[in-house]
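Single-letter residue listing:
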Number of protein chains: 2
Amino acid sequence: MTGTDLSSAAARAALRGSPGARGAGEDEDAARDRFARGIWSALAEPGDGTGGALRDRWGAAEALAIAVLTDGREAEAAEAGVEPASLKKARERWHPRVEGVGETFAAARRAGAVLLTPADPQWPAGFDDLGPHAPVALWTLGAPERPLTPGSAVALVGARAATAYGEHVAMELAAELGATGTTIVSGAAYGVDGSAHRAALRVDGLTVALLAGGVDRPYPAGHSDLLDRIARTGVVASEVPCGSTPTKWRFLARNRLIAAAAQATVVVEAGWRSGSLNTAHHAASLGRPLGAVPGPITSAASAGCHRLLREADAQCITAADDVRELLGLPVTMSADDGGRTDDRTRVVDALGVRVARSAEEVARRAGLSAGDAAALLGLLELEGRASRGVDGWRRC
Amino acid sequence: MTGTDLSSAAARAALRGSPGARGAGEDEDAARDRFARGIWSALAEPGDGTGGALRDRWGAAEALAIAVLTDGREAEAAEAGVEPASLKKARERWHPRVEGVGETFAAARRAGAVLLTPADPQWPAGFDDLGPHAPVALWTLGAPERPLTPGSAVALVGARAATAYGEHVAMELAAELGATGTTIVSGAAYGVDGSAHRAALRVDGLTVALLAGGVDRPYPAGHSDLLDRIARTGVVASEVPCGSTPTKWRFLARNRLIAAAAQATVVVEAGWRSGSLNTAHHAASLGRPLGAVPGPITSAASAGCHRLLREADAQCITAADDVRELLGLPVTMSADDGGRTDDRTRVVDALGVRVARSAEEVARRAGLSAGDAAALLGLLELEGRASRGVDGWRRC
């Protein structure tokens, strides 16, 4: 199949039907771009720099035409910064997958997956910050009319092997933030991710699950129901086409999308080498605020969070308000009138509850002049903290 | 007693005997300075700015001579930046205590307390950073020949109402640091302080307890035995004279000594308004490194630590090595070879454990060129992560 020209009539026939239901009313260029992006998503792995360079220079459709040739158009590739040798190697990567493109489109139709591209208003604005690493397209289930991440969005991520503490905190944060209009973005994994999605759904909040495999392949399988429920009111999305298995590489690539879709990332619980640290580093490298929830230092499940606090300058997150602060949203700060460590304290210290003391004795014990002590005793009496009797002063 | 001139022969007689056994062989000026500092400690509360200003300008002995007059020498006070009105008020604070000075010295003799002054080699070097807030003297039990805080010293402080977690962590840190030559400085309170002292003693480490009251008044009473044990190999010290009760004011003042005596302060467990946050802020204002041990965000006993991580730029402390890093001591860093997120990962992803796959199939699944995939398969075979059979490649 190497050498197939996808611009040929035969190839077009094989890929009949544009992916999903979107695109009605698009002009021909827009439709061709969408179609080409759908094909690109099936030919190249996430983060394929050569494909990105060709698309950046020539657009998705023209780049595809260049890509599927066995040779030729080296000058145009060079204009995109792709040397002939790189082009040759890239074509060797892409061509073996041409045969399967039709099947991925068919799988998308069966699953009801809808293709989003940067031209769609639903496209997460945050993906723009990924520059050349932005996904070529996004396959979605439940794709709503509204943007994937309207208003504020936070990525709540963490360990699959979360403890009861981690799941509890994930639920508390997701419920409080989800209930107040912040979209909860996560990866649908067991543990922290699942708890965050679930709590958001419970409070009728918006939640978005970004998968490492195709959206028609619920992963993990035990979260099939959860993913169905997310797609009902939120979105389940992936940059790899339907039928794709989630591989370690794709998990790592998917993590950059979680970080980019949200305005801030919070790691709730993570071991020393947890994959969620990868998401955290993506967030940091995108200049996104990063938070980490601390836990007991005796718990290996929190070691990754502490590592982020120490090494990645993550903010210490203890409550939903701390996350709102990360997102630049208004917060209700706890009242704090500061410590009262003044002379008044010294006078109160010098008073007894049972034993009455003269003002002079109080002054001596407090190490204050008699005049100062008398004045402060008067103030404390007004505040109800000291009482004056015939035998002297007492603490209340 | 107001108006007593302590330089009079009668006053000298009342204060017969220089405090403690130290000072043998001192010249007369040094002896007079030590004597005056002992008296100052009994006349003025910790942090008395007027006394400090007079001593800074005129030395402890001459300042004392000015202090104990009912009037006169205003010009010399003014030269120390003390206005006549301030001097008058200060004298009104100090004079009522003159009567008790003899008794505090007698109590010191009974308790075996030894007076240290900045002239002594045992004086903690860190106190110099307190400038005008440095203590005038230090009453000590167990005063060793060596400095109070030889080499590295860390303040381990925290809540009296510590949880089992807080006490466990305090003990672990104190034992590991104490066993490797770092002096453990703390405040002898219940909870974190006591656990830190106890663990340091258990590993034959040096530990110093700084008290808010007189060293002859073990506080809390339940720690009498512990304080005895500390004084046997370490030091129990206070800037207030024997017979003084620990007041809230003196606790707050004492905290600055804990922070100053150590090169770094670590808060192990602390509620939102714990007094140990006061020690932390002293450490920060002295430019000392500050650490805080995180805990569950569901535990009120860790709220103060999290507050320090958020608001005071405290380092997140998870182990003794983190404290050593704060102290600038050599540490054994955990090995970390970083994540392997390269093409190799993609090839491993593309291999099956049971199903054998051709190199071409692996290349297609990995999205790599056949050449690259073959090269990586060879490398993985050398590493024992892939095996080549007659039917193709498998993951090991």
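Residues numbered from 1 in each chain as written. Chains lettered and ligands numbered in written order. Predicted model: local features only at pLDDT ≥ 70, side-chain atom pairs only at ≥ 80, totals over all residues. Heavy atoms only, no water.

We apply this condition: UniProt positions are given in the numbering used here, feature names are shortened, and annotations may be inferred rather than shown by experiment.
In the annotation of an unreviewed UniProt entry, chain A is listed under the name DNA-protecting protein DprA and assigned to Microbacterium saccharophilum. A UniProt comment under Sequence similarities (unreviewed entry) is attached to chain A, and it reads "Belongs to the DprA/Smf family."

Considerations on empty space enclosed by the protein
With a probe scaled to a water molecule rolled over the atoms, the places where space remains empty come into view. We count it as follows: Buriedness of a pocket was judged along seven lines, with at least five required to meet protein on both sides within 12 Å; pockets are open sets of points on a 1 Å grid over the protein atoms alone, cavities are sets where a 1.4 Å probe fits but cannot get out, and lining residues have an atom within 4 Å of a point. Grid points are joined across faces, edges and corners, and a volume is the space filled by probe spheres set on the points. Helix and strand labels come from DSSP, where a helix needs a run of H or I of at least four residues and a strand needs a run of E of at least two; each type is numbered from the N terminus. Residues are sorted three ways: Asp, Glu, Lys and Arg are charged, Ala, Val, Leu, Ile, Met, Phe, Trp, Tyr, Cys and Pro are nonpolar, and all the rest, Gly among them, are polar.
In total, this model carries 1 cavity of 30 Å³ or more according to the counting rule given. Its volume calculated, the largest cavity comes out at about 40 Å³. Contributing to the lining of the largest cavity are A:Arg346, A:Asp349, A:Ala350, A:Arg365, A:Ala366, B:Glu45, B:Thr247, B:Trp249 and B:Arg250. If you list the elements that add at least two residues to the lining of the largest cavity, you get helix 14 (343-350) and helix 15 (359-366) of chain A together with helix 9 (248-261) of chain B. A total of 3 residues in the lining of the largest cavity trace back to one element, the largest contributor, which is helix 14 of chain A. Looking at the lining of the largest cavity residue by residue, the classes come out as 3 nonpolar, 1 polar and 5 charged.

Thoughts on the pairing of strand 5 (residues 207-210) of chain B
All names here are of chain B. Condition: Burial status follows relative accessibility: with a 1.4 Å probe on protein chains alone, a residue under 20% of its type maximum counts as buried, one over 50% as exposed, and anything between as partly exposed. Convention used here: a crossover is right-handed provided that the path from the first strand, over the helix, to the second strand proceeds clockwise when the strands point away from the viewer. Strands were regarded as paired on the criterion that DSSP finds at least two bridges between them.
Side chains Thr207 and Ala209 of strand 5 all project onto a buried face; the interleaved residues Val208 and Leu210 project onto the opposite face, where all are buried too. For the segment spanning strand 4 (residues 183-186), helix 7 (residues 192-202) and strand 5, crossover handedness is right-handed. Relative to strand 6 (residues 235-238), strand 5 runs parallel, the two being bridged by 3 bridges. Looking at strand 6, one finds that leucine 210 is bridged to alanine 237. Handedness of the crossover joining strand 5 and strand 6 through helix 8 (residues 224-233) is recorded here as right-handed.

Description of the sheet that holds strand 4 of chain B
Residue and element names in this part refer to chain B. We apply this condition: Contact definition: two residues touch when any of their heavy atoms are within 4.5 Å. Axis lines are fitted through C-alpha atoms, for helices just across the contact stretch, and the angle between N-to-C directions can take any value from 0 to 180 degrees.
Strand order in the open sheet made by the 9 strands is 1-2-6-5-4-3-7-8-9, with mixed pairing throughout. The sheet is open, and its two borders are formed by strand 1 (114-116) and strand 9 (315-316), each paired with just one other strand. Where strand 7 (residues 264-267) meets strand 8 (residues 290-292), 3 bridges bridge the pair, whose relative direction is parallel. From the neighbouring strand, valine 267 faces strand 8, where its bridge partner is alanine 292. Sitting on the sheet, helix 10 (residues 276-285) is in contact with strand 3 (153-157), strand 7 and strand 8, with an inclination near 155 degrees to strand 7.

As for the packing of aromatic side chains
Operational definition: Aromatic pairing here means that ring centres of Phe, Tyr or Trp (its six-membered ring) are within 6.5 Å. Orientation follows from the plane angle: under 30 degrees is stacked, over 60 is edge-to-face, and everything else is tilted. Note on geometry: a ring has a charge over it if NZ (lysine) or CZ (arginine) is within 6 Å of the ring centre and within 35 degrees of the ring normal.
Tallied over the full model, the rule gives 10 aromatic pairs over all chains. Centroid distance A:Trp40 to A:Trp94: 5.0 Å. Interplanar angle 90 degrees. Geometry classified as edge-to-face. One end of the pair, A:Trp40, is in helix 2 (residues 28-43); the other, A:Trp94, is in helix 5 (residues 84-94), and 54 residues separate them in sequence. A single burial state applies to A:Trp40 and to A:Trp94, both of which are buried. An aromatic cluster of three or more residues is present, and its members are A:Phe35, A:Phe105 and A:Trp139. The residue whose ring lies beneath A:Arg307 is A:Trp272, and the NZ or CZ to ring-centre distance is 4.2 Å. Against the face of A:Trp249 rests B:Arg346, its NZ or CZ located 4.5 Å from the ring centre.

Here we look at unusual backbone geometry
Cis peptide bonds are those with omega within 30 degrees of zero, and the linkage from A:Tyr219 to A:Pro220 qualifies with -5 degrees. A positive phi is found at A:Asp313, a non-glycine position, where the angle reads about 60 degrees. Structurally, A:Asp313 can be placed in the loop between helix 12 (303-311) and strand 9 (315-316). Taking the relative accessible area as the measure of exposure, A:Asp313 reaches 68% and is therefore exposed. Look at B:Ala188: it is not a glycine, yet its phi comes out positive at around 65 degrees. Here B:Ala188 is to be found in the loop between strand 4 and helix 7. Residue classification places B:Ala188 among the buried residues on the basis of a relative accessible area of 1%.

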